Amino acid sequence: MSYSSDPASSRGRRHAEAPAPTRTAFQRDRDRIVHSTAFRRLVYKTQVFLNHEGDLFRTRMTHSLEVAQLGRSIARALRLNEDLVEAIALAHDLGHTPFGHAGQDALNACMAAYGGFEHNLQSLRVVDSLEERYPEFDGLNLSYETREGILKHCSRANAQKLESREPEGVGLRFLDLSQPSLEAQLCNLADEIAYNAHDIDDGVRSGLITVDQLSSMALFRGYREEVLAEYPDLQGRRVLYEVIRRLLSAQVYDVIRNTQAALDLARPQTSDDVRRMPALVRFGDQMREQSTELKRFLMQNLYRHPQVTRTTGQAQQVIRDLFDAYSADEALMPEGFAGRADRQRAVADYIAGMTDRFAAREHERLTGQRLLEPATE
Ligand code: MG
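The paragraphs below set out a description of the structure included in this document. (Residues numbered from 1 in each chain as written. Predicted model: local features only at pLDDT ≥ 70, side-chain atom pairs only at ≥ 80, totals over all residues. Heavy atoms only, no water.)

### A few points about the overall build of the protein chain
- Scanning the protein chain from N- to C-terminus turns up 18 helices and 0 strands.
- The C-alpha atoms of the protein chain give 21 Å as radius of gyration, which agrees with the globular expectation for 377 residues (21 Å, within 12%).
- Taken along the three principal axes of its C-alpha coordinates, the protein chain extends 65 × 55 × 35 Å.
- A buried classification covers 53% of the 377 residues belonging to the protein chain.
- Taking all contacts inside the protein chain whose residues are at least 6 apart in sequence as the whole, residues at least 24 apart take part in 69%. (Helix = DSSP H or I, 4+ residues; strand = E, 2+ residues; numbered from the N terminus. Rg over C-alpha atoms; globule rule 2.2 N^0.38 Å. Buried < 20%, exposed > 50% of the residue type's maximum accessible area, 1.4 Å probe, protein only. Contact = heavy atoms within 4.5 Å.)

### Quick word on the coordination of the magnesium ion
- His63 (NE2), His92 (NE2) and Asp191 (OD) make up the full set of protein donors to the magnesium ion, lying at 2.2 to 2.3 Å.
- Counting along the primary sequence, the residues that act as donors to the magnesium ion give the motif H-x28-H-x98-D. Here the residue histidine 63 occupies a position in helix α3 (residues 60–78), and histidine 92 occupies one in the loop between α4 (82–91) and α5 (100–110), the gap between them amounting to 29 residues. Accessibility assignment for this pair places histidine 63 and histidine 92 in one class, buried. (Donors = N, O, S within 2.8 Å, 3.2 Å for Na, K, Ca; no water.)

### Some remarks on the pattern of salt bridges
- Under the defined criterion, the tally for this structure stands at 39 salt bridges.
- The shortest N-O distance in the salt bridge between glutamate 17 and arginine 32 comes to 2.8 Å. With glutamate 17 in the segment before α1 (25–34) and arginine 32 in helix α1, this residue pair connects regions lying 15 residues apart in the sequence.
- Taking the relative accessible area as the measure of exposure, glutamate 17 reaches 27% and is therefore partly exposed.
- Residues joined in a network through salt bridges with shared partners are Arg23, Arg30, Asp31, Arg72, Arg76, Glu82, Asp83 and Glu86. (Salt bridge = Lys/Arg side-chain N within 4 Å of Asp/Glu carboxyl O.)

### Side note on the packing of α3 against helix α10 (residues 182–206)
- Following both chains from N to C, one finds α3 and α10 inclined at 125 degrees, their axes separated by 8 Å at the closest point. Between α3 and α10, the angle is such that the two are oblique. For the pair α3 and α10, the crossing hand works out as right-handed. For the pair α3 and α10, the contacting residues are His63, Glu66, Val67, Leu70, Gly71, Ile74 and Ala75 in the first and Leu186, Cys187, Ala190, Asp191, Ile193, Ala194, Tyr195 and His198 in the second. (Axes fitted to C-alpha atoms, helices over the stretch in contact; angles between N-to-C directions. Parallel < 35°, antiparallel > 145°, perpendicular 65-115°, else oblique. Left-handed = near helix turned anticlockwise from the far one by under 90°.)

Written out as structure tokens, the structure is:
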């Protein structure tokens, strides 16, 4: 027996299907995600910088690929199921609205009286019902374990709703406060490692933060000094890349070391033992602190930079105007969204699925106002 998730003993799919002849359940999940419409749209969705602000910044697609890469490396070292990690990582951001967190906050505010909007729950809605690819069911009909990992946070109220529709399903752990699989725990941490590193890179590239500012943090300063001592003539971006590379490696090795130690101590025998234990995939105390310091730095200096928040206000207005327009006249939405019993949820689903530029263009079409410059083709 092993503490890793075994596709042969998966809790299964919501609609029974014959197994694939050559692929495990988790490999098949990953393949379904890669071929989905929502996955392709991640190319045109903002991570931090709006999609049209530059071709070199991360999008949700490249972010998801980086999370999958980091997750797989760590999973291999810890002998977890790499395919499950990859499937969860590639799907974890499928439910994000256009315009990053600004879009999500605006849509959540629009939906306040109708159950709110949570992007993790929306990622689950995408794979459970919104994708339309198969003759026999809505959604991608993924395995329980992949769905469990995709729903990384969930409010109690929404967990109760999920639980009433799917007893002892993916909502239960937010009610009984148990843990998900090690693979799901790992994806959360790989997500954090990925965005801390790439937001430093994109932040410096954009000119909004500087290497000197970053050096106020002990973790960054230490690696910068180390790199310059080893390569005194190294300059410009290569210094930054080498510092980021060491930062990434240090975090990856830290997770591997500390998680292995936690596993050796807790000795889970099965993947279900893991669910009843405290979270086992973890940083050591010092790295936990340093990663939190990094997050705080990026929050203060990048995510709340006036140049980032300036477009935030416009992005939120686009979402609000779209929401009002579709709510007032559902015929403005395509078939499949118009005519649904829960109109507000249909509007939220439609808006959440949009790419940045589609939302900006649709806003211009409906209001005649150009708020965000759509990418030229
Ligand atoms: Mg993410």
